Amino acid sequence: MATTIAKPELLVGKRLRRREDPRLITGTATYVDDIKMPGMLYAVIVRSPHAAASIKSMDVSKAAQHPGVAAVFTGKDTEKVGPVPCGSSLPGLRVPHHYILAPERVYFVGHPVAVVVATDRYVAKDAADLIEIDWDVRGAVADPEKAIADGAPPVHPQWPDNKAFTHHQEGGDVDKAFAEADVIVKQRITSQRLIPTAMETRGVVAEWRAADRQLNLYSSTQIPHLMRSLVAQMLGLEENRLRVVTPEVGGGFGSKLNVYAEEALMGFVAMKLGKPVKWIESRRENFLCTIHGRGHVDYYEVAAKKDGTITGIKLLIIQDLGAYHQLLTPAIPTLSVLMMPGLYKTANIRADIIGAFTNCVPTDAYRGAGRPEATHGIERMVDILAAELKMDPVEIRLKNFIQKEDFPFPTATGLTYDTGDYSLPLKKALGMVGYEKLRAEQAEKRKKGELMGIGISTYGEICAFGPSPATPAGGWESATVKIDPSGKVTVMTGCSPHGQGEETTFAQIAADELGIDIDDILVLHGDTAIVQYGIGTFGSRATAVGGTALYFALQDLKAKIKKFGAFLLESDDATLAGGVVTCNKTGASKTLQEIAGATYRAMKLPANTEPGLIATHFWEPTNFTFPFGAHIVVSDIDRETGGITIRRYIAVDDCGNILNPLIVDGQVHGGVAQGLGQALWEEAVYDESGQLVTGEMTDYVLPRAHMMPWIESDHTTTPTPVNPLGVKGVGEAGTIGCSPAMVNSVVDALSPLGVRHIDMPMTPEKIWRLVQGASSQEPVARMGERL
Amino acid sequence: MIPQTFEYTAPKTLEEALQIIAGGGKPLSGGMSLIPMMKLRLAAPDHLVDLGRLKDLHYIREEGGALHIGATTTHQDVASSALVRGKCPLLAQTAGGVGDPQVRNRGTIGGSVAHADPSADYPAAMQALEAKFVLKGAKSERTVAAADFFLDTFLTALEPGEIVREVIVPVEDGSTGTHYEKVVQKASGFAVVGIAVRISRKAGKIVWARVGVTGLANHAYRATAVEKGLAGTSGGATEVQNAAAVVADGIEANSDLHASAEYRKHLAVVHTIRALLAALARTA
Amino acid sequence: MNINLKINGKTHSDDVEPRLLLIHYLREVVGLTGPHVGCETSLCGACTVECDGKAVKSCTMFAVQADGANVTTIEGLAVDGKLHAMQEAFWNEHGAQCGFCTPGMIMASKQILDRNPHPTDEEIRMGLEGNVCRCTGYQHIVNAVRAAAKAGA
């Protein structure tokens, strides 16, 4: 009997509401702190109040005797566990041994020194307060430039210069470019330390099943499989005896792309006590002890011709590493170097990085991870050059853009940009904002002394991390698709999303490929006992790499479905469409359900075909993807107070093909919020003694609803050839595009006053001082000495 | 996140509450300042006396040409009260900008005043309104003017055993315009600088002006020099600017991460001008 | 001490330490998972619940202060399996990403419309002043409140 199949509606590209939301909007999702187990104990960690000190003595006896306390462990007990791993390798990198509990010396405020385990969190906290520590406080240094200056207190006594590494990279002939330049502009540009502040702090539940020799670790992480490998190593446990589960994860932004002391510590405690144990980070601990982002001091020099052609870029990055290397700490500034030319056709670059130890919590990947710093730098420098040459910032960008026909484009930093047409989003954004009219308005306002700015950034970024040789721990991603005997489909992805919506977008991909109803598809992730090994969600990679792995797994499965369907139909000419295999000659057909049932029942099998319908694909990308876009900010400055009002925010992003515009918009908005946070409000401030002054939400300014402008978001679409989905990644784009547009806008507003650069965050007081004429221009002379 | 242990009593009557407070109990009203401090273990009272259940402390009424507001009246109740909005708009406006909606639902006028945070909003309005506070102890009751109440950072004229029982603010007549101008500390919601202004203008002349300032000094104060500078003038832009210029004179201004002393003083001048102009625009 | 209160329509009676925070009571004793802890300074709003008809931060209240109160959490918003219009709007408009702030955000949003059925965008944003979301940039949340207002929530 012939079946008429209506062409199924394609879901990719549709503005579908998310399938993960029902549990989130009803409060029934399970985050780590929602996990309860019989007999579960609760851990509170005792931390150093000093940035640099030695423990002269520690008395835990009162805490240990406190009613309800199961155990107290100190650094002496855990010396053999660990160390906390550094996953990046650079030539000559100095890696301090990172104990999970400091046995003797502490290096930053918040450094863990003991753990108290008790029947509940109230008791554990009471007992923790009973631990008495006699400290020998030492000199600390919290500023990276001061740290590498002569006479600074050594963070680690074995390396008195506080330099963890230096890194040099060069492309083309920089000296020639600078020697032949018509103009050279220089600027010191900082990208301040930021606190990622995922709304869910970190947390771990560890459960040791001694009889099974099985450790179950529930952790709020972006990388369950890597965590499993690394924590197993830290604990000396066979990897297959450790199961890592990421339940719902309440945001990461890079801060959970890591393995911290606490994961191994909770594993250690659970194994010692034979009982499940839970640790939930307080917000103060989160600010003090979870990685920070950025922390750059950059010295830029750009060489150019009179007509605005950029001929060379020199960059010195002084990276504030903090006291230790967390998983990727030293690698982050190297990403800045890779992206230092931005979208511009510059053949000559020279970059140096000095990685500086400070008595602060380590820096590591935070939304954008190295690329926001690079984009901020080059986009500021282009504006500074334009100002120097009295050129329009649009004109200078169009002049220097890599052209459409230049792709694939090999950059001076060794990358190959996949594809692009950089003028497209810029022109679209200019049209949206009404650029010419705004410039006319600005000219009128300037006559009246009013300060209005138009700031442009045209950004590029590296996404879809990435080819394995260029990505620590591997850059591939995995997917398994299994179809049950009843025809229902389960997708298991090795990336572990935490808010990005892959339970929806991956189901969209599978529904379209298999031609079935999306409600017949379940997407699972984040449990190493269920899901095949995977890498994780970070670096705007989940859809571009994980989605592509899924795409190829689906191709394998479709081939088998078709083969099996044809076999059942005894057809040598069959088509799979709409979840049905149809014989093109007879019109007879078999549904996916019928085929699935038959593959498992296995009464008859096609030659050389195994029973069952399951396919796994590990996909290794051949290149990164390179999304780009243009952001424009129109701002008005209150001369009297220095207050900044954002009048318009335009974001035109090209992230390739869009699977779900609703989700992509959400990513852009969230990214912009974090970019504006950096540009205007956020800064992790340490005082001279290494105390974190912004140690609570009372002092660290986070963007709130009433502080955010309306974001006018649009797209251009240039699919990447790197993967068959044509998707590039969008999780970090908003952040990367935002901060330079915002700063360029305010600098543009203040340019009639001679202002050329403003470091972030652009607080009203900073702006007011500039308006007052107090020069906050950075000491250009010092750059010459450094470069 | 976890407070230390304490004893808790929710007395049925004010008398009972005052007895316990006299014995060293710490009054708990909305708890919006006290509870976070207890959670961070920066405060650890032995005995909390919950005033929140005392119905006879929760009221807003007009009596003898003034508004009487019970100590446990929440910011939300003050901000949304038709009576306060109509008769003492400065207080309603100030209350509506304290903290955030959830904080305003729990935080109380008596608690805020008694806490005397140098960056809190209410004290500016209290100074400008020349509010009076009824302070009650187990065996005493007295009324203290705002000018004599705020003494220093977190320090007031409250004696041990006393609570703020009632806040008394004037009913404005038709000649008065008011405004509260606040520079928000964006992380905490407190005031970097807050300027509360009342101006009475009749027949084009300013009869009197009252200016309360918070955030700038160790406690909220009345900028009497500004007030004097305005009295008798017509309230023109230049007159306002000249008068406002002295708002921070002689003040040792606070300085912190969010604003230096110099900038705070400057903001005080700018926002005094703005508050005055806004208030003047509201005078008849 | 013993407390009696109504949570999501159901009566609860428990002995609690005076220092037990309402959020911990709801989560640890009552067994709810909707209200979350996102800070310790009463600034993030993830713990927002409704107490006697008003949105409050349950991390800045002791459970004993809620004795006799009528508490509604996110879990109590849907009636007979039908989502509250604000929940539906958050779903349709993509108001949640990681979802951690969402229960508190929805409770705060509900209060906005309880008090003002037709808020302006600015009123919506000011109504969310007590809640931090790190994922969405708030725009889709504003859209959700708008949509719920339109739907007559």
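Residues numbered from 1 in each chain as written. Chains lettered and ligands numbered in written order. Predicted model: local features only at pLDDT ≥ 70, side-chain atom pairs only at ≥ 80, totals over all residues. Heavy atoms only, no water.

## Topic: the interface of chain A and chain B
Defined as follows: Here a residue-residue contact requires only that any non-hydrogen atoms of the pair lie within 4.5 Å. Here a salt bridge means any side-chain nitrogen of Lys or Arg lying within 4 Å of a carboxyl oxygen belonging to Asp or Glu. Polar contact is defined as a pair of N or O atoms within 3.5 Å, subject to the rule that within protein one atom must be able to donate a hydrogen and the other to accept it, and that residues adjacent in sequence are counted only when both atoms are side-chain atoms. The helix and strand labels rest on DSSP assignments: H or I over at least four residues marks a helix, E over at least two residues marks a strand, and numbering proceeds from the N terminus. When residues are sorted by character, Ala, Val, Leu, Ile, Met, Phe, Trp, Tyr, Cys and Pro go into the nonpolar class, Asp, Glu, Lys and Arg into the charged class, and all the rest, Gly among them, into the polar class.
Between chain A and chain B, the residue contacts involve 24 residues of the former and 19 residues of the latter. The interface formed by chain A and chain B includes five salt bridges. Residue D638 of chain A is joined to R274 of chain B by a salt bridge in which the shortest nitrogen-to-oxygen separation is 2.8 Å. Linking chain A with chain B are 12 residue pairs in polar contact (both at pLDDT 80 or more), by the criterion used here. When contributions to the side of chain A that touches chain B are tallied by element, the ones reaching two or more residues are α3 (121–128) and α19 (764–771) of chain A. Taken together, the residues of the side of chain A that touches chain B sort by class into 10 nonpolar, three polar and 11 charged.

## Points about the interface of chain C and chain A
Threshold: Two parts lose some accessible area (1.4 Å probe) when they are put together, and adding that loss for both gives the buried area.
Contacts between the two partners involve 54 residues from chain C, matched on the other side by 58 residues from chain A. The contact between chain C and chain A buries some 4,700 Å² in all, and 54% of this surface belongs to carbon and sulfur atoms. Interface area lost by chain C to chain A is led by W91, R134 and Q139 of chain C, which between them contribute 20%. Seen at the junction of chain C and chain A, the total is six salt bridges. Between R17 of chain A and E88 of chain C there is a salt bridge whose closest N-O contact spans 2.9 Å. The tally of links between chain C and chain A comes to 36 residue pairs in polar contact (both at pLDDT 80 or more). Mapped onto the side of chain C that touches chain A, the elements with two or more residues apiece are α1 (22–29), α2 (85–92), α3 (102–115), α4 (121–127) and α5 (139–150) of chain C. No other element matches the five residues that α2 of chain C contributes to the side of chain C that touches chain A. Per-class residue counts for the side of chain C that touches chain A are 21 nonpolar, 20 polar and 13 charged.

## Looking at α3 of chain A
Here is the rule: Buried residues are those whose accessible area, probed at 1.4 Å on protein chains only, stays under 20% of the maximum for their type, while exposed residues exceed 50% and partly exposed ones sit between those limits.
A large share of α3 of chain A lies buried, amounting to seven of its eight residues. Looking at α3 of chain A, one finds that the buried residues are R121, Y122, V123, A124, D126, A127 and A128 of chain A. Looking at the packing, one finds that the buried side of α3 of chain A touches β1 (41–47), α2 (61–65), β3 (69–74), β5 (112–118) and β12 (277–280) of chain A together with α1 of chain C. You can read the cap of α3 of chain A off the contacts: a side-chain oxygen lies 2.7 Å from the backbone nitrogen of Y122 of chain A, and it is on D120 of chain A.

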